[in-house]
Amino acid sequence: MLIARRRTRSRIPAHLIALAVGTATAWVLATLTDFEVATIGSRFLFDVGGISGHGIPPVPPTFTLPWNQPAGRSAAGTVVCSSASCWARR
């Protein structure tokens, strides 16, 4: 789509048209079928001081060496935060 739009003259940038078409396609598929769009809020979880939530944690991540992280504390693909640190496990 982006390559085809370069050949035509338009005042609307090709990436905005591609974004609109992709959004409309995802909305139609989600409405008509059981298609689910993955978002940051649906894919990532966080736990800060015993409070769990979806999405990006409200505290900035800190560097933690791998051997200092507690083993088995999170599932794959989740973000685990304590009061002092935050990390992502894949």
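On a predicted model such as this, the values are computed, not experimentally measured, just so you know.

**With respect to the overall build of the protein chain**
And then number 1: Along the backbone of the protein chain there are 3 helices and 4 strands.
And then number 2: Ordered by position from the N terminus, the helices and strands of the protein chain form the series α-α-α-β-β-β-β.
And then number 3: Within the protein chain, the proportion of its 90 residues that are buried is 16%.
And then number 4: Contacts spanning at least 24 positions in sequence make up 23% of the contacts within the protein chain whose residues lie at least 6 apart.
And then number 5: Taken as a whole, the protein chain presents about 7,300 Å² of accessible surface, with 63% of it coming from carbon and sulfur.

**Quick look at the pairing of strand β2 (residues 51-54)**
And then number 1: In this structure, strand β1 (residues 45-48) lies alongside β2, joined through 4 bridges in antiparallel fashion. From the neighbouring strand, phenylalanine 46 faces β2, where its bridge partner is glycine 53.
And then number 2: The antiparallel hairpin formed by β1 and β2 contains 2 residues in its connecting segment, where glycine 49 sits at a positive phi of about 55°.

**What to know about the confidence of the model for the protein chain**
And then number 1: The share of residues in the protein chain with pLDDT of 70 or more is 69%, and the mean pLDDT across the chain is 76.
And then number 2: Mean pLDDT values for the elements of the protein chain range from 54 in strand β4 (residues 86-88) up to 90 in helix α2 (residues 14-32).

**Examining a nonpolar patch on the surface**
And then number 1: The grouping of Ile12, Leu16 and Leu19 at the surface amounts to a nonpolar patch, some 300 Å² of accessible area in total.
And then number 2: With respect to the helices and strands, leucine 16 occurs in helix α2.
And then number 3: Taking the relative accessible area as the measure of exposure, leucine 16 reaches 43% and is therefore partly exposed.

Rules behind the numbers
Residues numbered from 1 in each chain as written. Predicted model: local features only at pLDDT ≥ 70, side-chain atom pairs only at ≥ 80, totals over all residues. Heavy atoms only, no water. Helix = DSSP H or I, 4+ residues; strand = E, 2+ residues; numbered from the N terminus. Buried < 20%, exposed > 50% of the residue type's maximum accessible area, 1.4 Å probe, protein only. Contact = heavy atoms within 4.5 Å. Areas by Shrake-Rupley, 256 points an atom, 1.4 Å probe, with all protein chains shown as cover. Pairing = 2+ DSSP bridges. pLDDT = per-residue confidence, 0-100. Patch = residues over 30% accessible without salt bridge, like charges linked within 9 Å, V, L, I, M, F, W, Y side chains within 5 Å. Salt bridge = Lys/Arg side-chain N within 4 Å of Asp/Glu carboxyl O.

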